[in-house]
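The lines below spell out each chain.
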Amino acid sequence: MQLNLNRFSIILVLVLPIVAEVFRKYIIYSNVWLIFLDVILLIIFVRTLVKYKPPTIFNLWMLVLLIFSIHGLIYSLINDRSPLSLLLGLRTAFYPLVGFLIASSINFDKNFSNQLIKVVLLLAILIAGFGAAQIYIDPHPWNGNIHWINYVPSEIEYGRSLGFGGFDQKVNDQFPMINLYRPHSIFLHTGKFGQVIWGLSAILLVLARYLTPSKRAILMILIILLNIITFQRAALYPLVLFMFIYFFAFSNHKLKLTFVLALMSLIILLLDSEVIYTILQRFFSALPEIPERLESVLFSAGALLDNGLLGDGWGYYATGAEILGGGNYTDHFGGEGGWIIIAAELGVPIALVLFMLISIIGTFIFLRSLSESNDRYLCFWSGFIILLIPVWAGTHNIFGSYIMMLYTSIPIGLYFNKSFNLKIQDNLF
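From a predicted model like this one, the values you see are computed outputs, not experimental measurements.

Cut-offs applied
- Residues numbered from 1 in each chain as written.
- Predicted model: local features only at pLDDT ≥ 70, side-chain atom pairs only at ≥ 80, totals over all residues.
- Heavy atoms only, no water.
- Helix = DSSP H or I, 4+ residues; strand = E, 2+ residues; numbered from the N terminus.
- Buried < 20%, exposed > 50% of the residue type's maximum accessible area, 1.4 Å probe, protein only.
- Contact = heavy atoms within 4.5 Å.
- Areas by Shrake-Rupley, 256 points an atom, 1.4 Å probe, with all protein chains shown as cover.
- Core = buried A, V, L, I, M, F, W, Y, C linked by side-chain atoms within 4.5 Å.
- pLDDT = per-residue confidence, 0-100.
- Axes fitted to C-alpha atoms, helices over the stretch in contact; angles between N-to-C directions.
- Parallel < 35°, antiparallel > 145°, perpendicular 65-115°, else oblique.
- Nonpolar A, V, L, I, M, F, W, Y, C, P; charged D, E, K, R; others polar.
- Phe/Tyr/Trp six-rings, centres within 6.5 Å; stacked < 30°, edge-to-face > 60°.
- Lys NZ or Arg CZ within 6 Å of the ring centre and 35° of its normal.
- Salt bridge = Lys/Arg side-chain N within 4 Å of Asp/Glu carboxyl O.
- Polar contact = N/O pair within 3.5 Å; in protein donor to acceptor, adjacent residues only side chain to side chain.

> What is the right way to look at the overall build of the chain in this model?
Within the chain, the regular secondary structure consists of 17 helices and two strands. Split into buried and exposed, the 429 residues of the chain put 50% on the buried side. Counting contacts in the chain only where the partners sit at least 6 residues apart, residues at least 24 apart contribute 74% of the total. For the chain, the exposed area adds up to about 20,600 Å²; of that, 71% sits on carbon and sulfur atoms.

> Hey, could you run me through the environment of Ile221 in this one?
With respect to the helices and strands, the residue Ile221 is situated in helix 8 (residues 213-230). C-alpha of Ile221 to C-alpha of Val240: the two residues are 19 residues apart in sequence and 9.6 Å apart in space.

> Can you help me understand the nonpolar core in this one?
Side chains of nonpolar character tend, in soluble globular proteins, to be buried together. Counting 101 residues, the largest nonpolar core has Trp198, Trp381 and Tyr407 as its most contacted members. Residues within four places of Trp198 in sequence aside, it is in contact with Asn227, Ala235, Leu239, Phe384, Ile385, Leu388, Trp392, Met404 and Thr408. By size, the runner-up hydrophobic cluster in this structure holds six residues, among which are Ile135, Trp142, Val152 and Phe164.

> Honestly, the side chain of Ser9 in this entry has me stumped. Any pointers?
Tracing the chain through its elements places Ser9 in helix 1 (residues 2-27). In contact with Ser9, other than residues within four places in its own chain, are Ile44 and Ile102.

> Would you explain the confidence of the model for the chain in this entry?
Reading predicted coordinates in detail is not appropriate for stretches of low pLDDT. Scored by pLDDT, the chain comes out at a mean of 82, with 79% of its residues at no less than 70. Mean pLDDT values over the elements of the chain span from 53, in helix 6 (residues 169-174), up to 94, in helix 17 (residues 402-415).

> Is there a simple way to think about the packing of helix 7 (residues 190-207) against helix 8 in this case?
In a pair of packed helices, the angle between the axes and the distance between the axes together describe the arrangement. In contact at an axis separation of 9 Å, helix 7 and helix 8 are set at 170° when each is read in the N-to-C sense. Accordingly, the angle class assigned to the pair helix 7 and helix 8 is roughly antiparallel. Residues Phe193, Gly194, Ile197, Trp198, Ser201, Leu204 and Leu205 of helix 7 pack against Leu219, Met220, Ile223, Leu226, Asn227, Ile229 and Thr230 of helix 8. Taken together, the residues that form the contact of helix 7 with helix 8 break down as ten nonpolar, four polar and no charged.

> Would you take a moment to explain the packing of helix 7 against helix 17 for this structure?
Contact pair helix 7 / helix 17: the axes reach a minimum separation of 8 Å and the direction vectors enclose 10°. Relative to helix 17, the element helix 7 lies roughly parallel. Contact residues: Lys192, Gln195, Val196, Trp198, Gly199, Leu200, Ala202, Ile203, Val206 and Leu207 in helix 7; Tyr402, Ile403, Met404, Tyr407, Thr408, Ile410, Pro411 and Leu414 in helix 17. Partitioning the contact of helix 7 with helix 17 into residue classes produces 14 nonpolar, three polar and one charged.

> Mind showing me how you'd approach unusual backbone geometry here?
As a rule of thumb, non-glycine residues mostly have phi less than zero, and peptide bonds are mostly trans rather than cis. Positive phi is not limited to glycine here, since Ser185 has a value of about 60°. Its identity as a non-glycine residue notwithstanding, Phe231 has a phi of 45°, on the positive side. Turning to its location among the elements, Phe231 is positioned in the loop between helix 8 and helix 9 (233-250).

> What exactly am I supposed to notice about the packing of aromatic side chains here?
The relative placement of two aromatic rings is captured by the distance of their centres and the angle of their planes. Here the structure, examined in full by the defined rule, presents 37 aromatic pairs. The interplanar angle of 85° and the centroid separation of 5.1 Å between the aromatic rings of Tyr415 and Phe416 together place this pair among those described as edge-to-face. Just as Tyr415 is buried, Phe416 falls in that class too. Members of the aromatic cluster, connected to one another through ring pairs, are Trp198, Phe242, Tyr246, Phe247, Phe250, Phe366, Tyr377, Phe380, Trp381, Phe384 and Trp392. Of note, Arg91 hangs over the ring of Tyr402, and the distance from its end group to the ring centre comes to 4.9 Å. A cation over an aromatic ring shows up here: Arg209 above the ring of Tyr210, its NZ or CZ 4.7 Å from the ring centre.

> Help me understand helix 14 (residues 338-346), please; the structure alone is not making it clear to me.
Because an α-helix completes one turn every 3.6 residues, residues spaced three or four positions apart along the sequence face the same direction. Of all nine residues making up helix 14, nine are buried, and the element is well covered by its neighbours. Turning to helix 14, its buried residues are Gly338, Trp339, Ile340, Ile341, Ile342, Ala343, Ala344, Glu345 and Leu346. Looking at the residues trailing helix 14, positive phi occurs at Gly347, about 100°.

> What should I look at first to understand the pattern of salt bridges in this one?
Where side chains of opposite charge bring their charged atoms close, a pairing between them can arise. Scanning the model with the defined rule gives five salt bridges in all. The closest approach of N and O atoms between Glu21 and Lys192, which form a salt bridge, is 3.1 Å. Placement of the pair is Glu21 in helix 1 and Lys192 in helix 7, with a sequence separation of 171 residues. You can call Glu21 buried: its relative accessible area is 0%. Accessibility expressed as a relative area gives 9% for Lys192, which makes it buried.

> I tried to follow the side chain of Lys25 on my own but got confused; where do I start?
Of note, Lys25 is situated in helix 1. Polar contacts involving the side chain of Lys25 include one to the main-chain carbonyl oxygen of Ser185, which spans 2.7 Å. Once you skip the residues sitting within four places of it in the chain, Lys25 turns out to touch Gln134, Tyr151, Pro153, His184, Ser185, Ile186, Phe187 and Leu188.

> Explain the environment of Gly99 to me, please; I cannot follow it from the model alone.
Within the element layout of this structure, Gly99 appears in helix 4 (residues 85-105). Here the alpha-carbon distance between Gly99 and Ser409, two residues 310 residues apart in the chain, equals 5.3 Å.

Below you can see the structure in the form of structure tokens.
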């Protein structure tokens, strides 16, 4: 009974945020749904923390958050402002703690892992399928009346575009049947849709360690297709790149793979297809955009330095903090990077330390995939997930996306789960 209840908790952690988002968008637009979710996850969190001993790194994580909380409280007192915005900072940190704790404490076996794959894959297919239906049923959501499937609450000020991200006309010309754009799916904006699909994809990639190579390959193809629907390039492109690296690095037939790749490249050149060239051009167009997106960080540097080396207090610029007396970071610094917010709250030195710390942990775990003494598959994908977080946060406020951080912390927790990672050698790394 205890074992089943513990395993049921991760199902709740996966499903309940999706239910809350559906109710928030299509039933009654209210943050009350998120409060209900907070309470339920808090109960699950406390119960798990009482029953199970977490890995050492979890305790260090809690210690760091305690220091950050004291930092936010002190700055609230110094600046004579309400400390309530600190609650939203705690909320942002709470969700990844829940995902990590639950995933690291569950007693895993091959059968349960396969069952969990079915649950996660079903969620991803339903969410992405809903997004695909939005594109097919309502090809021009920003022109006139929209189908109910593309409904957005009137309280959300998206303007004429309704927050949908359109593709450039050159791409649309190649697909005359539909007008491609980035849908919301069941969420309130396109970004969260892509982030959630990425988070579910990360869980699937780690759970796939128990699958046969052929089933694993099929699952990876499905993951790519799901992420194409969201077209969140910060997720899609690294996935494609590292899947290619994985297939080449872990294959016993490297010469055959090289030959197939060369043959496919030759066929593409011989076909001289404008459609293929357009897709490839769109794919690689993200590379020159990286420095352009990072310009916002550079433009913010002066304001961050004027802000002081210790920031304005942790939680002050958290998502929605202005409601409780906090600040809106875009009014002061611009941009949308997660590291801008951390630097504004905690100071530039602390932001740099956190960036390096996450990068070092991710690199350390990823490099373990080179050694036969470790679970090479698990180290490869867990390291990849951890390494992508600081890079993605350079251009997007992913730290403020509670569902993404919840889901992304689950595969990291699985790495530290001794019943899942049977070759783990210590509690820290």
